[in-house]
Amino acid sequence: MEREVKFATKCVHAAEKPDPVFGAHTTPIFQTSTFIFENVRQGAARFAGEESGYIYARIPPNTPTHAVLAEKFAVLEGGEAGQTFASGMAAITAIALTALKQGDHLISTDVIYGCTYSLFSQVLPGLGIEVSFVDTSKTENVKRAFKPETKMVFLESPANPTLTVCDISAIARISKENGSLCVVDNTFATPYFQRPLELGADLSLSSCTKYIGGHADLLGGIVAGNKDFMDRMSVVIGYTGGIMGPHEAWLCIRGLKTLHIRMERHAENAMKVAEFLESRPEVEWVRYPGLPTYPQYELARRQMSGFSGMLCFGIKGGVEAGKRLMDNVKLCSLAVSLGATDTLIQHPASMTHACVPHAVRNSIGITDGLVRLSVGIEDPEDIIADLKQALEAI
Ligand SMILES: *Cc1c(COP(=O)(O)O)cnc(C)c1O
């Protein structure tokens, strides 16, 4: 049997194929909307799905650049197939439209990315799809939420922005028993630290805008998983679009080649910053899955091999003190998004999660005083020095 290479080697080599025409070493950018058929028979066979090959860039497999990225990501997540999208939200929308129809029921983690919350709470109910938001950190809650109509369980772990985790393998098992799909938004952990498909989930997705691209210079989404589902989703994508641009696909291929190195440094820096914040008198609490004080430390260690660069914390003096801190940072940027090479700080209650009603936010732990930090790959001493001066100035 051929020896399976390690994750870092997969990041660099998986799916890379030398260009057969000119021998280009890196994957070319196929900046084209359409593909030429040799004859009418071939065009007809491609449209009929009787022959594989490219047709038109909206229709999967899109272009050879997209195909390399999709395959590389599928290899990293341990999935049978992959599919790229124009954004993380385009990916989540295509999954929902493929998995759910009128009369179906969706169970979703209550603490999720703000726009996912809005899609599930405002758009899907209008299509006759019922949605239950559940505290998935307790598996019993998920068990209780199932109905005969439940067709999809959507998890975000670690969740944005509270870093709450859920037991992916236990929930994937219950989903299977109930004939439901189990989908995990793996944006925070990336396949470097967590592989939901290996834990039993059917689909794992990431917003490429974050760690996959890794440099805050593109929008993209990507899904890996079961081939049957991907084939059904291809049909939906062909009709709805939401396709990644070829240049973005190329940037994501490039980003994935350093994923392992960046994630190591993000996590190492985040741990140092978390420990620093915990030591400060101005800070009321810190949540980072790598800290022994993290409430779900055991579960996080069981299903993740590391804890990424995301953390959140609360300042004594609440919202006003938090705002002063965010206005006082100099090296860190006050910006939403995450997974960039530089450190980003933001206020979920007024920014990324402002769309979640106040009472709901409070009940699920997205308090007004919560500050979210995406720790970058700068020298950790510089990040800490910046936070220190900003804390001293509040
Ligand atoms: C950013 C993000 C998304 C949405 O991705 P876009 O690329 O911005 O559409 C979905 N889930 C999580 C956890 C995110 O952080």
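Remember, it's a predicted structure, so these values are computed and weren't measured experimentally.

**Q** Looking at this model, I keep getting lost on the overall build of the protein. Mind explaining?
**A** Counting its regular elements, the protein contains 16 helices and 12 strands. At 21 Å, the protein has a C-alpha radius of gyration in line with the 21 Å of a compact globule built from 394 residues. For the protein, buried positions account for 56% of its 394 residues. Working note: accessible area of the protein is about 16,700 Å², and carbon and sulfur atoms make up 54% of it. Of the side chains in the protein, 36 bear a positive and 43 a negative charge, and the two mean positions are spaced by 1 Å.

**Q** Honestly, the pattern of salt bridges in this entry has me stumped. Any pointers?
**A** Side-chain pairs of opposite charge can arise whenever the charged atoms involved come near each other. Applying the stated criterion to the full structure yields 19 salt bridges. Here lysine 72 makes a salt bridge to glutamate 16, at a shortest N to O gap of 2.9 Å. Of this pair, lysine 72 sits in helix H3 (residues 64-77) while glutamate 16 sits in the loop between helix H1 (7-13) and helix H2 (40-47), placing them 56 residues apart in sequence. The salt bridge partner of lysine 17 is glutamate 71, with a shortest N-O separation of 3.0 Å. Pair noted here: lysine 17 is in the loop between H1 and H2 and glutamate 71 is in helix H3, with a separation of 54 residues, a long-range link. Judged by relative accessible area, which is 45%, lysine 17 ranks as partly exposed. Taking the relative accessible area as the measure of exposure, glutamate 71 reaches 37% and is therefore partly exposed. One network of salt bridges, with partners in common, ties together Arg280, Glu282, Lys388 and Glu392.

**Q** What should I look at first to understand the sheet that holds strand S6 (residues 203-207) in this one?
**A** To summarise the sheet geometry, strands pair through backbone hydrogen bonds and adopt either a parallel or an antiparallel arrangement. One open sheet holds the seven strands; their spatial order is S1-S7-S6-S5-S4-S2-S3, and the pairing between them is mixed. Both outer strands of the open sheet, strand S1 (81-85) and strand S3 (130-134), are each paired with one neighbouring strand and no more. Ignoring strand direction, the axes of neighbouring strands in this sheet form an average angle of 20°. Running at roughly 150° to strand S5 (residues 181-185), helix H7 (residues 168-177) makes contact with strand S4 (150-156) and S5 of the sheet.

**Q** Would you take a moment to explain the domain arrangement of the protein for this structure?
**A** Accessible area lost on assembly of the parts is the figure often given for the size of an interface. Segmenting the protein into domains produces domain 1 (7-256) and domain 2 (260-392). Contact residues are listed per partner, giving 41 residues for domain 1 and 41 residues for domain 2. Residue aspartate 167 pairs with arginine 302 through a salt bridge whose shortest N-O separation is 3.9 Å. Mapped onto the side of domain 1 that touches domain 2, the elements with two or more residues apiece are H1, helix H5 (114-123), H7, helix H8 (190-193), helix H9 (208-212) and helix H11 (246-256).

**Q** Please explain the site of the ligand as it appears in this structure.
**A** Around the ligand, 13 residues are found, and the nearest of them are Gly88, Asp185, Ser207, Thr209 and Lys210. In the model, an oxygen atom of the ligand is placed 2.8 Å from a nitrogen or oxygen of the glycine 88 main chain. Threonine 209 has a polar side-chain atom sitting 2.6 Å from an oxygen atom of the ligand. Contact with the protein chains hides 94% of the accessible area of the ligand, taken as 380 Å² for the molecule alone. Secondary structure elements with two or more residues in the shell around the ligand: helix H4 (88-99) and H9. Partitioned by chemical class, the residues of the shell around the ligand number three nonpolar, seven polar and three charged.

**Q** So what exactly am I meant to see when it comes to the environment of serine 204 here?
**A** Turning to its location among the elements, serine 204 is positioned in strand S6. Here serine 204 falls in the buried class, since its relative accessible area comes to 0%. Beyond its immediate stretch of four places on either side in the chain, serine 204 contacts Phe73, Glu77, Val184, Asn186, Pro196, Leu197, Ile222, Val223 and Ala224. At a separation of 3.1 Å, a polar atom in the side chain of serine 204 contacts the side chain of glutamate 77.

**Q** Whenever I open this one, the side chain of glutamine 296 confuses me. Can you help?
**A** Mapped onto the fold, glutamine 296 is located in the loop between strand S8 (283-287) and helix H13 (297-303). Take glutamine 296: its relative accessible area is 16%, and that puts it in the buried class. With sequence-adjacent residues up to four places away left out, glutamine 296 is seen in contact with Ser137, Thr164 and Val165.

**Q** What am I meant to see in a nonpolar patch on the surface here?
**A** Where nonpolar side chains cluster on the molecular surface, the patch consists of Leu97, Val123 and Leu127 and spans about 230 Å² of accessible area. By the element assignment, leucine 127 lies in the loop between H5 and S3.

**Q** It is not clear to me how helix H14 (residues 318-328) should be interpreted in this structure. Could you clarify?
**A** Residue pairs three or four apart in sequence face the same way in an α-helix, which turns once every 3.6 residues. All buried positions along H14 are accounted for by Ala321, Gly322, Leu325 and Met326. In a view along the axis of H14, the buried residues occupy a sector of 140°, so they form one face of it. Here the buried face of H14 lies against strand S9 (310-315), strand S10 (333-334), strand S11 (344-346), strand S12 (370-374) and helix H16 (380-392).

**Q** Is there a simple way to think about the pairing of S1 in this case?
**A** It is a general feature of regular strands that their side chains alternate between the two faces of the sheet. The element S1 is largely enclosed, with a buried count of five among its five residues. The alternating pattern of S1 places Ala81, Gln83 and Phe85 on one face and Gly82 and Thr84 on the opposite face, and all of these are buried. Taken together, the five bridges between S1 and strand S7 (residues 221-225) define a ladder with antiparallel strand orientation. For glutamine 83, the partnering residue across the bridge sits in S7 and is valine 223.

What counts, and at which threshold
- Residues numbered from 1 in each chain as written.
- Predicted model: local features only at pLDDT ≥ 70, side-chain atom pairs only at ≥ 80, totals over all residues.
- Heavy atoms only, no water.
- Helix = DSSP H or I, 4+ residues; strand = E, 2+ residues; numbered from the N terminus.
- Rg over C-alpha atoms; globule rule 2.2 N^0.38 Å.
- Buried < 20%, exposed > 50% of the residue type's maximum accessible area, 1.4 Å probe, protein only.
- Areas by Shrake-Rupley, 256 points an atom, 1.4 Å probe, with all protein chains shown as cover.
- Lys, Arg positive; Asp, Glu negative; His and termini not counted.
- Charge placed at Lys NZ, Arg CZ, Asp CG, Glu CD.
- Salt bridge = Lys/Arg side-chain N within 4 Å of Asp/Glu carboxyl O.
- Pairing = 2+ DSSP bridges.
- Axes fitted to C-alpha atoms, helices over the stretch in contact; angles between N-to-C directions.
- Contact = heavy atoms within 4.5 Å.
- Domains from an automatic or database assignment.
- Near = heavy atom within 4 Å.
- Polar contact = N/O pair within 3.5 Å; in protein donor to acceptor, adjacent residues only side chain to side chain.
- Nonpolar A, V, L, I, M, F, W, Y, C, P; charged D, E, K, R; others polar.
- Patch = residues over 30% accessible without salt bridge, like charges linked within 9 Å, V, L, I, M, F, W, Y side chains within 5 Å.
- Arc of directions from axis to C-beta.

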